Amino acid sequence: MEPSAAMSERTSERRLIEACQRDDREAFRLLFEAHKDRVYSIAFHFSRNETAARDITQQVFLKLFTTIRQFRHDAEFTTWLYRLVANVCMDEQRKNRRFIPFGEATEVTEIAERKSQETHFIRRELAESVQAVIAELKPKLRMAILLKYFEEMSYEEMAKVLGCSPGTVASRLNRGHKILARRLAHLRGQFVTEE
Amino acid sequence: MLSKHVYKQLSAYCHGELSSEEAQRVAEHLRGCERCRKEHEEIKLGIFFAQQLTRLPAPASLWDEIETALNQQPTPASWRLKFPRLAFAFAWPRLATAVAVLLVLSVGSVWFYLRLSRPAWDVEMIEGYAQVGSQRIGENGKLAVGQWLKTGDDSRARLSVGEIGHVELAPNTRLRLDESRSDDHRVTLERGTMYATIDAPPRAFSVATPSAVAVDLGCAYTLEVDESGAGLLSVTFGWVAFEVEGRESFIPRFAECHTRPGSGPGTPYYKEASASFKVALSKLDFQKLSAAEREAALTTVLSEARKEDAFTLWHLLTRTSGGERERVYDRLAALVPPPSGVTRDGVLQGDRPMLDRWWDELGLDTASWWRMWKGPWPPQTK
């Protein structure tokens, strides 16, 4: 993004947040629209369960809206938001045993399987296999992978979100990547094709 | 001869997170080390798989559900409306009984709390083992008030700072828990490196080092102390105050500050300031210089200072006197003109309200914000 475009985006986000801090409901909705898909995607891939992903997303935005007055603009808003996402996901993981393992069909899977194009199916199968392995990672490794690949955060940003050092982020990603590579080694052919 | 293996850095290498020197070292090592090359291939494959994750659209009905829940949230205003009704709803005998029950429960809770809760932090080992007193910790343990925790050559530990944050300790770090109360958490870092992330009101967490105390103002930072007791505080988020015996430094994010035994905290500066600026500043802070050397160092600092470095010059105003303070004043005024009512004479005489008002012009938090937590100027500051 061009620096001026980035600055203008930051300015409009700042105004939006200030409006939320004045209890402007329309501003809440706009803030929700801007971030809902990314938050939901992380929640879904973390829990592998649509109901849980809905609950997590709902909790995140409720907490966000009820505490947004405490937000000071000396921090990145996304750091604040994704710290909430990580905390709610981890809390749900601890409280709840309903996160189902891969293999139990979800609505998303069923819809995908109806689409029969071969290339699409292979790609979909690859994505589903990746999701399954990610769902089995330890929660801390899983969250590091999701933040990196959905948010494209730097290690320093991730460290702020996860409350650890950039070195720990590097270590968690390293372990996550190795597990993915080893468990999906049989799909290595896809890598060669894509490269 | 091959350099140290690089497999722990490979994800950071692939993500472009290493400095150019580190990346070059990794690339050179990979050329000569088959083991690390294999690991590199594995990490690249893992990254490829992770990149296959797809974003999903949030369900369309989610906003309606959130809005419904928001409408059900009690607001302070609605509480005020409901409270009188609640009060009248209680008949006096029932109210008296309820108060008595609450009293018994409260006393019981306090007794239970005092008896069972010993102030201690949870310790989680990230790598290797640590020592608490004479006890070795493998995975999880406790660090009680008064106890020392020591990490080994290859070990790293994570401590929960009550309910307000975390501290991560690097290898070869020695730290003591001095106090753990809801509004006051204190540790001593004797040596090593700690990374703190604190989400609490300012001053709820502080770290004593051999030459200064780091006081948290709501932040994330790294603090290193070497064998000589010298330290370096580097802030990644929020603010930290570094202070000892009336000498204080305020360090915003992306800035750092050295401290030395016998001198206390130096002048804070942004990490991206020029190398010559930082070297000259260090000379002024910690070295015994002749008059000519001191003048040369000050000239470098003033000529290299950018607008962003105004907060460094602001700190220098309180650490210089006479002609040096005049030179600092002139350069700071050129970078950030003093607001109306702040006069040259007043600042040169060390007028503290004027200094605070000038601080407010620097584009950082207002002085009144941190004075609220920090209190007035230290008596020794001139």
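Here the structure is a predicted model, which means the values were calculated and not measured.

Some points on the overall build of chain A
Next, step 1: Assigned secondary structure in chain A consists of 10 helices and zero strands.
Next, step 2: Mapped from its N terminus to its C terminus, chain A presents α and β elements in the order α-α-α-α-α-α-α-α-α-α.
Next, step 3: Long-range pairs, those at least 24 residues apart, make up 66% of the contacts in chain A between residues at least 6 apart in sequence.
Next, step 4: In the form shown here, chain A has an accessible surface area of approximately 9500 Å², with 47% of it arising from carbon and sulfur atoms.

Notes on the overall build of chain B
Next, step 1: Along the backbone of chain B there are 13 helices and 16 strands.
Next, step 2: Burial status across chain B gives 44% buried among its 382 residues.
Next, step 3: A separation of at least 24 residues holds for 45% of the contacts in chain B among residues at least 6 apart in sequence.
Next, step 4: Total accessible area computed for chain B in this model is approximately 20000 Å², and 54% of it derives from carbon and sulfur atoms.

Focus: the confidence of the model for chain B
All names here are of chain B.
Next, step 1: Confidence along chain B averages 82 in pLDDT terms, with 83% of residues attaining 70 or more.
Next, step 2: Helix α8 (residues 291–304) holds the highest mean pLDDT among the elements of chain B, 95, whereas helix α5 (residues 76–89) holds the lowest, 35.
Next, step 3: Within the model, pLDDT remains below 50 along residues 75–91, and this stretch shows three contacts once partners closer than five positions in the same chain are excluded.
Next, step 4: Scoring of the predicted complex yields 0.49 for pTM and 0.81 for ipTM.

Describing helix α3 (residues 50–67) of chain A
All names here are of chain A.
Next, step 1: Taking 1.5 Å as the rise per residue, α3 with 18 residues should run 26 Å; its terminal C-alpha atoms sit 26 Å apart, in good agreement.
Next, step 2: Those residues of α3 that fall on the buried side of the exposure criterion are Ala52, Ala53, Ile56, Thr57, Gln58, Val60, Phe61, Leu62, Leu64 and Phe65.
Next, step 3: Measuring from the side-chain oxygen of the N-cap residue of α3 to the backbone nitrogen of threonine 51 gives 2.9 Å; that N-cap residue is asparagine 49.

Focus on the pattern of salt bridges
Residues and elements named next belong to chain B.
Next, step 1: Throughout the structure, instances matching the rule amount to 29 salt bridges over all chains.
Next, step 2: Where aspartate 178 meets arginine 176, a salt bridge forms, and the shortest distance between an N and an O atom there is 2.6 Å.
Next, step 3: Classification of arginine 176 as partly exposed rests on a relative accessible area of 28%.
Next, step 4: Notably, a salt bridge pairs arginine 191 with glutamate 190, separated by 3.8 Å at the nearest N-O pair.

As for the interface of chain A and chain B
Next, step 1: Facing the 61 residues of chain A at the interface are 55 residues of chain B.
Next, step 2: Together chain A and chain B conceal approximately 5300 Å² of surface at their shared face, both sides included; 61% is due to carbon and sulfur atoms.
Next, step 3: Linking chain A to chain B there are five salt bridges.
Next, step 4: The salt bridge involving glutamate 124 of chain B is made with lysine 140 of chain A; its shortest N-O contact spans 2.7 Å.
Next, step 5: Across the contact surface, chain A and chain B share 22 residue pairs in polar contact (both at pLDDT 80 or more).
Next, step 6: A total of 12 residues in the side of chain A that touches chain B trace back to one element, the largest contributor, which is helix α9 (residues 166–183) of chain A.
Next, step 7: The residue makeup of the side of chain A that touches chain B, split by class, is 28 nonpolar, 15 polar and 18 charged.

Things to note about the environment of glycine 167 of chain A
All names here are of chain A.
Next, step 1: Within the secondary structure layout, glycine 167 lies in helix α9.
Next, step 2: By relative accessible area, glycine 167 is classed as partly exposed at 38%.
Next, step 3: Considered as a pair, glycine 167 and tyrosine 155 are 12 residues apart in the sequence and their alpha carbons are 8.2 Å apart.

Digging into the side chain of histidine 315 of chain B
Residue and element names in this part refer to chain B.
Next, step 1: Tracing the backbone through its elements, the reader meets histidine 315 in helix α9 (residues 310–317).
Next, step 2: A polar atom in the side chain of histidine 315 sits 3.0 Å from the backbone nitrogen of phenylalanine 250.
Next, step 3: Ignoring anything within four residues of it in the chain, the contact list for histidine 315 reads Glu248, Ser249, Phe250, Thr267, Pro268 and Trp359.

A short note on unusual backbone geometry
Next, step 1: The phi dihedral of aspartate 23 of chain A falls on the positive side, at around 65 degrees, and the residue is not glycine.
Next, step 2: Structurally, aspartate 23 of chain A can be placed in the loop between α1 (3–21) and α2 (25–47).
Next, step 3: Taking the relative accessible area as the measure of exposure, aspartate 23 of chain A reaches 47% and is therefore partly exposed.
Next, step 4: Phi angles above zero are rare outside glycine, and phenylalanine 254 of chain B is one such case at about 75 degrees.

A word on the pairing of strand β12 (residues 231–244) of chain B
Residues and elements named next belong to chain B.
Next, step 1: Counting buried positions along β12 gives 13 out of 14 residues, so the element sits mostly inside the fold.
Next, step 2: Here β12 runs beside strand β14 (residues 255–260); their pairing, made up of four bridges, is antiparallel. Each residue of the ladder has a partner; that of leucine 232, found in β14, is histidine 258.
Next, step 3: Judged from the six bridges that link them, β12 and strand β13 (residues 247–252) form a sheet pairing that is antiparallel. Along β13, the bridge assignment pairs glutamate 243 with glutamate 248.
Next, step 4: Here β12 folds back onto β13, and the loop between the two strands holds two residues, one of which, glutamate 245, carries a positive phi near 40 degrees.

As for the packing of α2 of chain A against α3 of chain A
Residue and element names in this part refer to chain A.
Next, step 1: Remark: α2 packs on α3, axes separated minimally by 8 Å, with the N-to-C direction vectors making an angle of 140 degrees. Between α2 and α3, the interaxial angle falls into the category oblique. For the crossing formed where α2 meets α3, the hand is right-handed. For the pair α2 and α3, contact is made by Phe28, Leu31, Phe32, His35, Lys36, Val39, Tyr40, Ala43, Phe44 and Ser47 and by Glu50, Ala52, Ala53, Arg54, Ile56, Thr57, Val60, Phe61, Leu64 and Phe65, respectively.
Next, step 2: Of the residues assigned to the contact of α2 with α3, the class counts are 14 nonpolar, three polar and three charged.

The rules behind these values
- Residues numbered from 1 in each chain as written.
- Chains lettered and ligands numbered in written order.
- Predicted model: local features only at pLDDT ≥ 70, side-chain atom pairs only at ≥ 80, totals over all residues.
- Heavy atoms only, no water.
- Helix = DSSP H or I, 4+ residues; strand = E, 2+ residues; numbered from the N terminus.
- Contact = heavy atoms within 4.5 Å.
- Areas by Shrake-Rupley, 256 points an atom, 1.4 Å probe, with all protein chains shown as cover.
- Buried < 20%, exposed > 50% of the residue type's maximum accessible area, 1.4 Å probe, protein only.
- pLDDT = per-residue confidence, 0-100.
- Expected span 1.5 Å × (residues − 1).
- Polar contact = N/O pair within 3.5 Å; in protein donor to acceptor, adjacent residues only side chain to side chain.
- Salt bridge = Lys/Arg side-chain N within 4 Å of Asp/Glu carboxyl O.
- Buried area = accessible area lost by both parts, 1.4 Å probe.
- Nonpolar A, V, L, I, M, F, W, Y, C, P; charged D, E, K, R; others polar.
- Pairing = 2+ DSSP bridges.
- Axes fitted to C-alpha atoms, helices over the stretch in contact; angles between N-to-C directions.
- Parallel < 35°, antiparallel > 145°, perpendicular 65-115°, else oblique.
- Left-handed = near helix turned anticlockwise from the far one by under 90°.

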